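Summary of structural features
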Amino acid sequence: MGDEVTVSTVAEAMYEMVKQYHGKKNLKAMDLTKAMIEKFGGDNCDKQLCKQAIRELIDSGRCTYSYVGGSYIVLPPT
Amino acid sequence: MAAKLRETPLIDELLKGPWPSFVKEIKKCAQNEKNERGSARSNDLLGVLERSYKETIGHWKHGGIVGVMGYGGGVIGRYNDLPEEFPNVAHFHTIRVNQPSGWFYTSDILRKLCDIWDKHGSGITNMHGSTGDIVFLGCATDDLEPTFADLTALGFDLGGSGSAVRTPSCCCGMARCEWACYDTMALTDDLTRTFQDELHRPAFPYKFKFKMSGCPNDCVASIARADMSIIGTWRDDIQIDQKAVADYASKLNLENDVISRCPTKCMSWDGKKLSIDNSNCVKCMHCINAMPKALAPGKDRGATILLGSKAPIIGGALLSSVIVPFLKIEPPYEDIKELAEAIWDLWAEHGKNRERVGEFIQRIGMGNFLEQIGLEPRPEMVINPRSNPYIFYDQDQE
């Protein structure tokens with residue numbers, strides 16, 4: 001059995017993904033969720049865990065919401 | 001001292017006539033000496049408006065990264081594309097404030113809300129926006145957090161915007177109306193509190209609106225405006241006071257004004273007694289509205305849940321269609337919450353960007369949608385009977 005996937009682990013992976021796509025593609029909450037479930041596997045990571053990870057990212061200020069014809073999760077403006 | 005008002009000959013035309021004018025109100029804000037910043041913003045707003053009337057184009061763009069910490073909604077970024085000419089409205093964001101259910105306020109709380117807005121913003125409000133929220137028009141980016149802090153200290157929260165649950169709203173229901181078939185205000189308050197995360201943290205393909213109407217009169221027009229319309233109804237017989245009907249008969253032309261207007265012709269009047277074939281009543285409310293002292297909704301009350309309406313943006317306008325024909329609406333409202341969550345789960349995963357739930361159902365088909373959310377098809381879900389009476393089955397399906 002592998003290591004337990006924590007909220008912080010998922011948040012970190014999500015942050016890396018947002019950083020990687022910054023300026024190239026806007027990502028919605030569900031885009032991140034689907035990617036994390038694929039990355040960590042459905043047995044280790046579910047929608048609820050991803051929801052908590054997004055909350056952690058937003059509340060810490062590492063990411064923020066933007067509205068560009070839809071709501072996306074992006075890096076905060078510098 | 002307030003600055004000299006901008007020259008606005010075109011929009012001044014809107015001051016003429018007996019009706020109230022938004023230009024007059026903006027000019028009052030622009031001359032408010034107690035709110036110097038607000039008056040400067042209002043004055044520039046007049047200038048932008050005049051310019052738009054002259055050029056017949058808008059000078060606003062919306063969206064971007066603007067809001068308060070931790071929230072993905074409640075603030076709609078508005079930027080003016082002529083910031084050098086109108087610097088006081090370079091940022092002129094809209095703040096949506098979650099209204100109380102049924103829009104009931106004390107005069108004291110209204111004064112306090114206005115004081116907050118005079119302190120931080122333009123002083124211009126929109127009571128209420130089409131979403132139902134209290135709308136504060138014209139906030140600079142730097143004033144958003146202080147406004148939010150003062151609002152929360154007063155017990156108010158931001159409403160919804162973006163791809164999220166929008167601020168649930170309802171008619172005044174049992175607080176003021178004898179036709180309310182369930183407590184719209186209690187349900188609205190409960191859904192708002194339950195779905196705080198879905199309201200403030202956008203996670204859907206597009207917006208999702210709940211609107212609660214207490215009876216089929218649908219005073220908040222939920223059937224045309226809400227993704228999930230919860231409309232009060234009854235499933236037993238309309239209550240009739242025959243003596244009161246006779247009184248109406250002496251004043252109204254019952255045949256012309258009531259009986260002949262019944263859409264399913266389920267009523268008859270023999271000069272002494274009103275009869276209703278309740279099995280054919282479609283709850284249009286016309287007879288009850290025409291004779292409120294004689295008729296009333298039945299006693300076995302609840303609501304019909306409908307899904308999928310929207311005003312047009314991508315496709316055409318849609319009205320909601322029935323998804324649950326009758327449901328008793330009682331706390332803790334678990335049935336409604338579980339249904340909403342099942343719908344979100346499916347739509348969030350498979351919906352396209354900016355695709356409302358009604359459009360999603362049209363795309364994947366009602367049959368597939370029902371199967372995925374675990375609801376059985378019911379005859380009441382059929383919007384129109386099929387026009388072609390011939391049904392062809394494959395050989396192996398016969």
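Here the residue numbers are simple positions, counted from 1 along each chain's written sequence. As a convention, the first chain written is A and the first ligand written is 1, with the rest following in written order. Reporting in this predicted model follows two pLDDT cut-offs: at least 70 for local features of residues, and 80 or more for side-chain atom pairs to be given and counted; totals over whole chains, interfaces and linings ignore these cut-offs and use all residues. Just so you know, side-chain values use all the structure's heavy atoms and leave hydrogens and water out.

This part takes up the sheet that holds strand β4 (residues 93-97) of chain B. All names here are of chain B. Note: two strands are recorded as paired if DSSP finds a minimum of 2 bridges between them. A helix here means a DSSP run of H or I that spans at least four residues, while a strand means a run of E at least two residues long, and both kinds are numbered starting from the N terminus. Strand order in the open sheet formed by four strands is β2-β4-β6-β5, with antiparallel pairing between adjacent strands. Whereas interior strands pair on both sides, the edge strands pair on one side only; in this sheet they are β2 (75-76) and β5 (124-127). The sheet contact formed by β5 and strand β6 (residues 134-139) spans four bridges and is antiparallel. Within the sheet, the bridge partner assigned to Thr125 lies in β6 and is Phe136.

Here the focus is the sheet that holds strand β9 (residues 228-234) of chain B. Residues and elements named next belong to chain B. Taken together, five strands build an open sheet; the order of strands is β7-β8-β9-β14-β15 and the sheet is mixed. Of all strands in the sheet, those bounded by a partner on one side alone are β7 (169-170) and β15 (321-327). As paired elements, β9 and strand β14 (residues 301-307) share seven bridges and run antiparallel to each other. Bridging across to β14, Ser229 finds its partner in Leu306.

Further remarks concern helix α14 (residues 366-373) of chain B. Residue and element names in this part refer to chain B. Here's how the labels work: a residue is buried when its accessible area is under 20% of the maximum for its type, exposed when over 50%, partly exposed in between, all with a 1.4 Å probe on protein chains only. Among the residues of α14, those classed as buried are Phe369, Leu370 and Ile373. For α14, the buried positions fall inside an angular range of 95° around the axis, keeping them on one side. Away from its buried face by more than 90 degrees, α14 exposes Glu371 and Gln372. Looking at the packing, one finds that the buried side of α14 touches β14, β15, α12 (334-350) and α13 (357-364). Where α14 ends, the next residue or the one after it, Gly374, has phi of about 80°, a positive value. Arc definition: directions from the helix axis to the C-beta atoms. Residues count as neighbours in contact if any of their non-hydrogen atoms are within 4.5 Å of one another.

This part is about the interface of chain B and chain A. Counting residues at the interface gives 24 residues for chain B and 22 residues for chain A. Defined here as a combined quantity, buried area equals the accessible surface (1.4 Å probe) lost by two parts on assembly, summed across both. For the chain B face of the interface with chain A, the top three residues by lost area are Ile65, Arg201 and Glu349 of chain B, together amounting to 30%. In the sections that follow, a salt bridge refers to a side-chain nitrogen of Lys or Arg positioned within 4 Å of a carboxyl oxygen of Asp or Glu. Run the count over chain B and chain A and you get six salt bridges. Salt-bridge contacts for Lys51 of chain A lead to Asp197 of chain B; the nearest nitrogen and oxygen are separated by 3.9 Å.

The subject of this paragraph is a nonpolar patch on the surface. Each patch is assembled from residues with relative accessible area greater than 30% and no salt bridge, linking like charges that lie within 9 Å and nonpolar side chains (Val, Leu, Ile, Met, Phe, Trp, Tyr) that lie within 5 Å. Method for areas: the Shrake-Rupley scheme with a 1.4 Å probe, in which residue coverage is limited to the protein chains shown. A contiguous nonpolar patch, built from Leu10, Phe22 and Tyr53 of chain B and spanning about 290 Å² of accessible area, is present on the exposed surface. Examined against the element boundaries, Phe22 of chain B turns out to sit in helix α2 (residues 22-30).

Once that is clear, we can look at the confidence of the model for chain A. Averaged over all residues, the pLDDT of chain A is 93; the fraction at 70 or higher stands at 97%. pLDDT runs from 0 to 100 and stands for how confident the predictor is about each residue. Within chain A, the lowest mean pLDDT, 94, falls on strand β1 (residues 64-67) of chain A, and the highest, 97, falls on helix α1 (residues 7-21) of chain A.

Turning next to the packing of α12 of chain B against α14 of chain B. All names here are of chain B. Only the stretch in contact is used when a helix axis is fitted, and all axes are lines through C-alpha atoms; the angle between N-to-C directions ranges over 0 to 180 degrees. Two elements in contact, α12 and α14, have axes separated by 9 Å at closest approach and are oriented at 115°. Our pair here, α12 against α14, has a crossing hand that is right-handed. Across the interface between the two elements, Leu339, Ala342, Ile343 and Leu346 from α12 touch Phe369, Gln372 and Ile373 from α14. Each residue receives one of three labels: charged for Asp, Glu, Lys and Arg, nonpolar for Ala, Val, Leu, Ile, Met, Phe, Trp, Tyr, Cys and Pro, and polar for the others, Gly being one of them. Broken down by class, the residue content of the contact of α12 with α14 amounts to six nonpolar, one polar and no charged. Should the near helix be turned anticlockwise from the far one by less than a right angle, the crossing is termed left-handed; should it be turned clockwise, right-handed.

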